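Tertiary structure, described
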Amino acid sequence: MIDNRITHRTADGVRVPGTWRHAFICNGGSYFLTDLFIYADGLVDCWELVTLDEFEQKLRCGWVATSLPDGGRASAHGLASWTFGEPCTWLTPDLLLAEVRDTIDELNGRPDSTARCLAAVDVFMADRTEESRAAARAAYLAVPESVRHYALGDMDRKDRPLKVLVAGPGGRIPDESGATVAQQEYDAAVAYFEDRAQWLAKAPSRVPADGPAESFAPAVKIYHSYPQRALEDPGKKALRNDYPAPITIGDVTYPSVAHAYWARSVAEPDARAAVVAAESGAKARTVAAAVARREGWGQVRTAVMARLLRAKYEQHPDLAAILLATGDATLLYDDADSGFWGENGGRGRNWTGRLLELVRAELLARQALVD
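None of the values given here were measured: they were computed from a predicted structure.

**Quick word on the environment of Asp195**
- Structurally, the position occupied by Asp195 is in helix H6 (residues 183-202).
- By relative accessible area, Asp195 is classed as exposed at 51%.
- Taking the C-alpha atoms as reference points, Asp195 and His316, 121 residues apart in sequence, are found 58 Å from one another.

Structure follows, in structure tokens:
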């Protein structure tokens, strides 16, 4: 739950809302009390900015710690240090990951697991079949255990009516080993939800006609890769500038966007030819780095890259389909050689990612005009 813990980061000039929660990081065998910063575009800062998939890996390997050993050394930076004595924690990697996913939904104004559960209950109340009850039960079990008590917003009954309803008469109550539902208790739960539906129907609501004011798709990270040949199913590797996808600009055909970019950066015609002939995009950069840049390159390089990316995705519809499949996600481009072109864990300007988003928007606009 976000409550009043609101923060943000700025990505590509866009303010991305976020929140934070306490957590332990295990580094070098010691445990550090810190904060996880969770953002609406699906990135999590746990001492570095990572995607949800990367965050799950950090949970599984214990970097973000959900179990604390008796006698383990711990500290809160600049405040105190201590040793754990009979520590008790209720978190697991799966539970914390589920809570973080819910937080991202909440930041985006989308239904979280609790809202999806209550929607499934509404379906059951309108169509009381065992099939719809099973769907409601599955949705209830998908709610993180740590927040199920709060699903109904009823601090007296907690989630008891919900558990009884999804169990059904004679059914086993979730989270209660061996307990079954009596008919009288089930009837009371049904009456509870009938009354609740009437109350909610009277409550004022305002839903924006065109959806939430802001929505963030999970960020997509375009990792370093150095492909030497075109692949049958390249996935996001195809979005790398050094992916072997020949483009023709004027009367010259370049083996990749990287070749074209570096060839156009150099001043001497002979050096350009050597760059174009390089066996890979990485080699093209090495050849170009050994000679002088053309005058004013720093002022035109972004426009040149935009033109080259447009050419790549116009001339390769199969690769354009891969770019379009990223939806409206923020594109984070790794580039260890450049803090200008790469996002680099939040430290770079991510101009390649930003231009890819621009080209993607232009492709979508072109499709919309055709449709």
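**A look at the pattern of salt bridges**
- This model, assessed by the stated rule, comprises 15 salt bridges.
- Glu279 serves as the salt-bridge partner of Lys283, at 2.9 Å between the closest nitrogen and oxygen.
- Residue Lys283 is classed as partly exposed on the basis of its relative accessible area, which comes to 40%.
- Close ionic contact of Asp337 with Arg285 constitutes a salt bridge, the shortest N to O distance being 3.8 Å. Of this pair, Asp337 sits in the loop between strand S12 (331-333) and helix H12 (351-370) while Arg285 sits in helix H9 (residues 281-289); the two residues are 52 residues apart in sequence, bridging distant segments of the chain.
- One network of salt bridges, in which partners are shared, links Glu56, Arg60 and Asp94.

**Quick word on the packing of aromatic side chains**
- With the rule as written, the count across this model stands at twelve aromatic pairs.
- One aromatic cluster in this structure is built from Tyr261, Trp262, Trp297, Phe340, Trp341 and Trp351.
- The lysine or arginine in question, Arg9, covers the ring of Tyr39, its NZ or CZ lying 4.9 Å from the ring centre.
- One cation-aromatic arrangement involves Arg354 over Trp351; the distance from NZ or CZ to the ring centre is 3.9 Å.

**Regarding helix H5 (residues 160-167)**
- Where burial is concerned, most of H5 is hidden: seven out of the eight residues are buried.
- Within H5 the residues assigned to the buried category are Pro161, Leu162, Lys163, Val164, Leu165, Val166 and Ala167.
- Elements in contact with the buried residues of H5: helix H3 (113-126), helix H4 (130-141) and H6.
- Gly168, located one to two residues past H5, shows a positive phi value of around 85°.

**A short note on the UniProt feature "domain: DUF7638" (unreviewed entry) in the protein**
- Look at the UniProt record and you will see "domain: DUF7638" (unreviewed entry) annotated at residues 7-111.
- Segment residues 7-111 splits into 23% helix and 41% strand. End C-alpha atoms: 21 Å apart.

**Thoughts on the nonpolar core**
- In terms of nonpolar packing, the biggest core is built from 43 residues, with Leu308, Leu309, Tyr313, Leu323 and Leu356 touching the most fellow members.
- Sort the elements by how many residues they give to this core and helix H10 (residues 297-315) lands first, with eight residues.

**Focus on H10**
- For H10, with 19 residues, the first-to-last C-alpha span of 25 Å sits near the 27 Å given by 1.5 Å per residue.
- Taken together, the buried positions of H10 are occupied by Trp297, Val304, Met305, Ala306, Leu308, Leu309, Ala311, Lys312 and Tyr313.

**Some remarks on the environment of Lys163**
- Looking at the element boundaries, Lys163 is found in helix H5.
- Spatially, the C-alpha atoms of Lys163 and Lys312 are 55 Å apart, while their sequence positions differ by 149 residues.
- Sequence-distant contacts of Lys163, that is, excluding residues within four places in its chain, are made with Tyr140, Ile173, Pro174, Asp175 and Glu176.

**Examining unusual backbone geometry**
- For Glu86, which is not a glycine, the phi torsion comes out positive at approximately 50°.
- Mapping Glu86 onto the fold places it in the loop between strand S8 (80-83) and helix H2 (93-107).
- Residue classification places Glu86 among the exposed positions, given a relative accessible area of 70%.
- Non-glycine residue Lys158 carries a positive phi angle of around 55°.
- The residue Lys158 is located in the loop between H4 and H5 in this model.
- For Lys158, a relative accessible area of 31% gives the class partly exposed.

**Digging into the packing of helix H7 (residues 257-265) against H10**
- At their nearest, the axes of H7 and H10 sit 10 Å apart, and the two run at 150° to each other. One element, H7, and the other, H10, form an angle in the roughly antiparallel class. In the crossing of H7 with H10, the sense of the turn from one axis to the other is right-handed. Packed against H7, whose contacting residues are Val257, Ala260, Tyr261, Arg264 and Ser265, the element H10 presents Trp297, Arg301, Val304, Met305, Arg307, Leu308, Leu309 and Lys312 at the interface.
- Of the residues that constitute the contact of H7 with H10, the class distribution is eight nonpolar, one polar and four charged.

**Examining the packing of H3 against H4**
- Running from N to C, H3 and H4 point in directions that differ by 165°, and their axes come no closer than 8 Å. For the element pair H3 / H4, the angle class is roughly antiparallel. As H3 packs across H4, the resulting crossing turns out to be left-handed. Of the residues in H4, those in contact with Ser113, Arg116, Cys117, Ala120, Val121, Val123 and Phe124 of H3 are Ser132, Arg133, Ala135, Ala136, Ala139 and Tyr140.
- Here the contact of H3 with H4 is composed, by residue class, of nine nonpolar, two polar and two charged.

What counts as what
- Residues numbered from 1 in each chain as written.
- Predicted model: local features only at pLDDT ≥ 70, side-chain atom pairs only at ≥ 80, totals over all residues.
- Heavy atoms only, no water.
- Helix = DSSP H or I, 4+ residues; strand = E, 2+ residues; numbered from the N terminus.
- Buried < 20%, exposed > 50% of the residue type's maximum accessible area, 1.4 Å probe, protein only.
- Salt bridge = Lys/Arg side-chain N within 4 Å of Asp/Glu carboxyl O.
- Phe/Tyr/Trp six-rings, centres within 6.5 Å; stacked < 30°, edge-to-face > 60°.
- Lys NZ or Arg CZ within 6 Å of the ring centre and 35° of its normal.
- Contact = heavy atoms within 4.5 Å.
- UniProt positions renumbered as here; feature names shortened; annotations may be inferred.
- Core = buried A, V, L, I, M, F, W, Y, C linked by side-chain atoms within 4.5 Å.
- Expected span 1.5 Å × (residues − 1).
- Axes fitted to C-alpha atoms, helices over the stretch in contact; angles between N-to-C directions.
- Parallel < 35°, antiparallel > 145°, perpendicular 65-115°, else oblique.
- Left-handed = near helix turned anticlockwise from the far one by under 90°.
- Nonpolar A, V, L, I, M, F, W, Y, C, P; charged D, E, K, R; others polar.

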